[in-house]
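# A structural walkthrough
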Amino acid sequence: MITRHLNRTIRALALCSMVVLAASPGSGVAQDIAVDRARNEISIVMTEEPQWLNTVRATDAVSFIVLDHITEGLMSYDQQNRLTGGVAERWELTDTRATFWLRRDARWSDGKPVTAHDFVFAWQQVADPRNAAEYSFFMRAFTNGEQITQGKLDPTLLGVRALDDYTLEADLTQPTAYFLELVTFISFRPVREDFYRAQGQAYAADVQNMISNGPFTLTKWVHGAELRMEKNPHYWNRDAIHLSAINVPYITSDANARMNLYMDNKIVMATGLDSSATKTAMYNRQKMLSFSDGTVFFIEFNHRPDRLTRNLNLRRAMQAVFDAAELTYKVIGLPGNIPGVSLFPVWLDGTEKKLSEEFPPPVVEIDADKAREYLELARQELGIDEFPPLSLLLSDTPSSIKQAEYFQNVMARELGLQVILDRQIFKQRLAKMTAGDFDMVAAGWGPDYNDPMTFADLFASWNLNNRGRYVSEVYDNHVKRAQSTTNTRIRNRAFGDLAQVIHDDVVILPQYERGYIYVQDARVDGVRRRRFGGDPNYNYAFIKPES
Amino acid sequence: MNDTYDPVSGDFEPLLTVTDGEQIDRPSLSYWQDVWLRLKSNTRALASLYMVLALVTFTLAGPLIWSVDPSKQDLEQISQGPGLGQKAILVPDRLPVPSINSLTQSMAEDRADGSGQRLDLLGEAHTEGLTLSWLAVANADSYTIYRHELEPSSIDDLGLPLAQVGPGQLSYHDSLSLEATTYYYSVMPIVAGQPQGYASQRVEVVQAIALSEARYRGLVPEGDDASLLGSTIRLEAHPLGTDSLGRDMLARLMWGARTSLFIGIIAPLFFVGFGLVYGGFAGYVGGKTDNALMRFADFVIALPFLLFMILFKIAFGIGPGESGIGPMLVALVLLSWPATARLVRGQVLQIREEAYVAAARMMGGGANYLVMRHMLPNVMGVLLVSLTFAIPSAIFTEAFLSFIGMGVVPPTPSWGSMCNDGIRTMLSHPHELIFPALFISATVLAFNLLGDGLRDAMDSRLRSDS
């Protein structure tokens, strides 16, 4: 509670200093311009300080951006965002086993080779409950993974082995169609045991406590102010990397400040533009691009037995008055966002076409009269005269407050339901979500790997991220069906059925699929925007020759 | 030398008896009348007094006259600038979006006349939505639709990218925060990963409102739907515009003033009152008691306000989503009184030693008499001044706390929280920030100038000047 308030105050104060910071010229001449042709360097901006540059424990998007430049996993994405080998040269995937043959020329930034042991060690660390890695659940894909994450077995028993320095073998608990996509994730990046142990607590806390195997190495990290990544001379595919360095001379969460930096030729890309920044861009005749980051936002209900929202008819009543299109187009009003229709976003691939085309999600009918009937039913079933105020938990950001105020107004106007807004900072919101201290929560879910399963198992009864404790045997069975096979047809059918269950049971109210408007310097090409891992990615970026 | 004068008794007759000595030929003025006179002659103070009065009227009587719900969201008029009610045409609730296949068919036939126009508007263009259609380009992988507020000058200047649609789709329905203005739509086909030219179309968008929405708000009479469609009605007027959720700024300012002035007046009344009693007692009693009391006041003055505000919020069990106004009031009262107490104590210490007080005491005046007759009237001046200075600072504190989100909760408005909302759209819709900021500044200024004027008017050394 105190942290929350102080935090907000500090942020308000920090904002003031940020403005000052942004207004003052950059610290060095070389970092003052977006594109430095002579040195073959570019400058970018980050929204905040990377919180944790340790691949074992990193969770935030900014850390992912940095880590995706300085580390490389077994599998990777190429210039066209297609899945390709990273450290792995060859691979083989069966229903129960994955084998990777590592390239012999993959090197750490100190020149030592990247070996299969580095991956085994890293994955054991992620699974080890003593590290409290948030993504430890990924390690349940391996034999013994679940028991290890629960602390019942020793991490060394994880079903992953190095047959020799360059061969890695993993035993899978179930057929995992998306396993190759999964190992691109940051938590699956290698960690070298001798270095990790030598650094102890200080590992990845600063530039000298880090070692990289990616295209770049972090060479400067002034906490809260500035970063610099230089090309890694030991990287095996160094010929494909064009830039000599990437500077991060600015860190600001203010979209307008980023836009101004871009207009002043200080950074090569300004992303996440809000309505006033897009207006600035429009009137300055800037070329704008849009990008969907794949995240789905929704209002999740608390299904615990002590909450009113456990009642299906109450949830149906809310579903029948909540118009995602109005929210997206009129209230949010930024291009790139798509009204949410389902837990499964439209970009997910199906068997031949998009999943949303093969299994169109059920359409919600907006009908206030019907909603009031549902509400009346709910009142009778719950045996109450008046509905007490329902709480809506949300992040303390301007955009989510605005959306919540709209929701609050719709519920009051159409159903006479009072909704109180419980604004919390991100971490506190997560803590309250985990504790189940909410009736509804404005939540979002971003994909971790390129497969519908990253969304599908979210509301399985065993998933710890199922914060509303939705429990349905039917739902669980569909998820199990999709997990039991690598046959895409059967799996996609199961995902289609899941979308139906989510709609019928009103597990969530889909709000929107997030998109961004951004501007990018025309002199730079090869920047990749991605839904998985760190976005944006400049690994293959290059400065176009002068025309 | 016999010319000496012998006085006679007549010489010693008294002169005329003077019955009227000094005559007061102007009406007698009490201290307060004198103060008022001097205040009246101070134009600056008088103007701020009128401003304060106007503000109080605005706050108390305003909502009675302008009875608009401050939390009502008018999604047809989001972030509207100041003005009177706009005209809008009535449109059906759900627009029949033409099916794509039949559309392309009929479009292709329509365009067989060779007009050469590659991008067209289908039907009417209004703020509830509009549909565009374009001619297919051979081998196109996808089409990107853009919207600009200026006329596009090149392929790199097409404005906002609205969407990217597949090759089978040749129309697009746009309803993204449309305003009644002119837009330039463009469509850019992508062939083999490369953009291949673009086609633009100028579109005039008119204000519209869905029929059911208009009916819900009582803008149209009950009756035949079909005859109403297409007719023009006047939307609700928003004299000071609307905020980013279409809420009326004037109503929000009035209701926000209630929060601001409530804190701004109630809190100072309490803490100045308490400070008077505390400081008066300390000053009157004096000695060790005075010393102890004033050291305690020093201690209180050192306590950080924000921290206590948070502590009170927790101690009061103010849950999330509940208003923080209560704890704010308590924190203000409990932490702000020492300044007044010091002031009053100093004044009382001084008055206590005055000769007239000593005289009154010697003539048997009791404590009550001394306090009521001499002390209180004499500290009244500094008290009023400190009150008028305390009010703007309390208003400012409230605004600041609401700005950082510790005061009122949505949808309750306050000037501070309105500023916080408005700052996000400062560049595109400045009125959302300017109005609440103006009200805060004007109020704080008015109270400060009034306090200034009062201090001048009450200074007894200036008394003879008038």
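### Here's the deal with the overall build of chain A
- A tally of helices and strands in chain A yields 17 helices and 20 strands.
- In terms of C-alpha radius of gyration, chain A reaches 24 Å, essentially the compact-globule figure of 24 Å for 547 residues.
- Referenced to the eigenvectors of the C-alpha coordinate spread, the extents of chain A come out at roughly 70 × 55 × 50 Å.
- The buried share of chain A, taken over its 547 residues, is 48%.
- For chain A, the share of sequence-separated contacts (at least 6 apart) that also reach a separation of at least 24 residues comes to 66%.

### Considering the environment of N450(A)
- Mapped onto the elements, N450(A) comes out in the loop between β17 (440-445) and α15 (453-456).
- N450(A) gets classed as buried once you count the C-beta atoms within 10 Å, which come to 22.

### Some words on the interface of chain A and chain B
- Contacts between the two partners involve 40 residues from chain A and, on the opposite side, 34 residues from chain B.
- Every element with two or more residues in the side of chain A that touches chain B is listed here: α1 (2-23), α8 (275-283), β13 (288-301), α10 (324-332), α13 (398-415) and β16 (419-424) of chain A.
- Partitioning the side of chain A that touches chain B into residue classes produces 16 nonpolar, 13 polar and eleven charged.

### A look at the domain arrangement of chain B
- The assigned domain composition of chain B is domain 1 (47-69 + 244-462) and domain 2 (90-209).
- Taking only C-alpha atoms into account, the centre of domain 1 of chain B sits 58 Å from that of domain 2 of chain B.

### Quick word on the sheet that holds strand β6 (residues 171-174) of chain B
All names here are of chain B.
- Reading across from one edge, β2-β3-β6 is the order of the three strands in this open sheet, with antiparallel pairing throughout. At either end of the open sheet lies a strand with only one pairing partner, and these are β2 (119-126) and β6. Each neighbouring strand pair of the sheet contributes to a mean axis angle of 15°, computed without reference to strand direction.
- Strand direction decides the pairing type here: strand β3 (residues 129-134) and β6, joined by four bridges, are antiparallel. Across the sheet, residue L130 finds its bridge partner in β6, namely D174.

### Section: the packing of helix α12 (residues 367-403) of chain B against helix α14 (residues 431-458) of chain B
All names here are of chain B.
- Here α12 crosses α14 at 170°, and the two axes come no closer than 8 Å. The angle between α12 and α14 places the two elements in the roughly antiparallel class. Contacts between α12 and α14 involve G381, L384, V385, T388, F389, I391, P392, I395, F396 and A399 from the first element and I440, T443, V444, F447, N448, L450, G451, L454, R455 and M458 from the second.

### Things to note about unusual backbone geometry
- Across the junction of D535(A) and P536(A), the peptide omega takes the value -5°, indicating a cis bond.
- Assignment of secondary structure puts P536(A) in the loop between β19 (524-525) and β20 (542-543).
- At N265(A), a position not held by glycine, the phi torsion is positive, near 65°.
- Within the secondary structure, N265(A) sits in the loop between α7 (255-263) and β12 (269-270).
- For N265(A), a count of 13 C-beta atoms within 10 Å puts it in the partly exposed group.
- Unusually for a residue other than glycine, S177(B) sits at a positive phi of about 30°.
- With respect to the helices and strands, S177(B) occurs in the loop between β6 and β7 (182-191).

### A closer look at the nonpolar core
- In this structure, W123(A), I267(A) and L392(A) are the most contacted members of the largest nonpolar core, which totals 233 residues.
- Ranked by residue count, the leading element in this core is helix α7 (residues 249-285) of chain B, at 15 residues.
- Those residues in contact with I267(A) that sit more than four places away from it in its chain are A34(A), S43(A), I44(A), V45(A), Y250(A), L261(A) and Y262(A).
- Core analysis: the second largest hydrophobic core is formed by six residues, A88(B), L90(B), V91(B) and L235(B) among them.

### Here's the deal with helix α2 (residues 61-70) of chain A
- Among the ten residues that make up α2(A), nine are buried, leaving the element largely enclosed by the rest of the structure.
- Along α2(A), the positions that sit buried rather than exposed are V62(A), S63(A), F64(A), I65(A), V66(A), L67(A), D68(A), H69(A) and I70(A).

About the cut-offs
- Residues numbered from 1 in each chain as written.
- Chains lettered and ligands numbered in written order.
- Predicted model: local features only at pLDDT ≥ 70, side-chain atom pairs only at ≥ 80, totals over all residues.
- Helix = DSSP H or I, 4+ residues; strand = E, 2+ residues; numbered from the N terminus.
- Rg over C-alpha atoms; globule rule 2.2 N^0.38 Å.
- Buried ≥ 20, exposed ≤ 12 C-beta atoms within 10 Å, placed from the backbone.
- Contact = placed C-beta atoms within 7 Å.
- Nonpolar A, V, L, I, M, F, W, Y, C, P; charged D, E, K, R; others polar.
- Domains from an automatic or database assignment.
- Pairing = 2+ DSSP bridges.
- Axes fitted to C-alpha atoms, helices over the stretch in contact; angles between N-to-C directions.
- Parallel < 35°, antiparallel > 145°, perpendicular 65-115°, else oblique.
- Core = buried A, V, L, I, M, F, W, Y, C linked by C-beta atoms within 7 Å.

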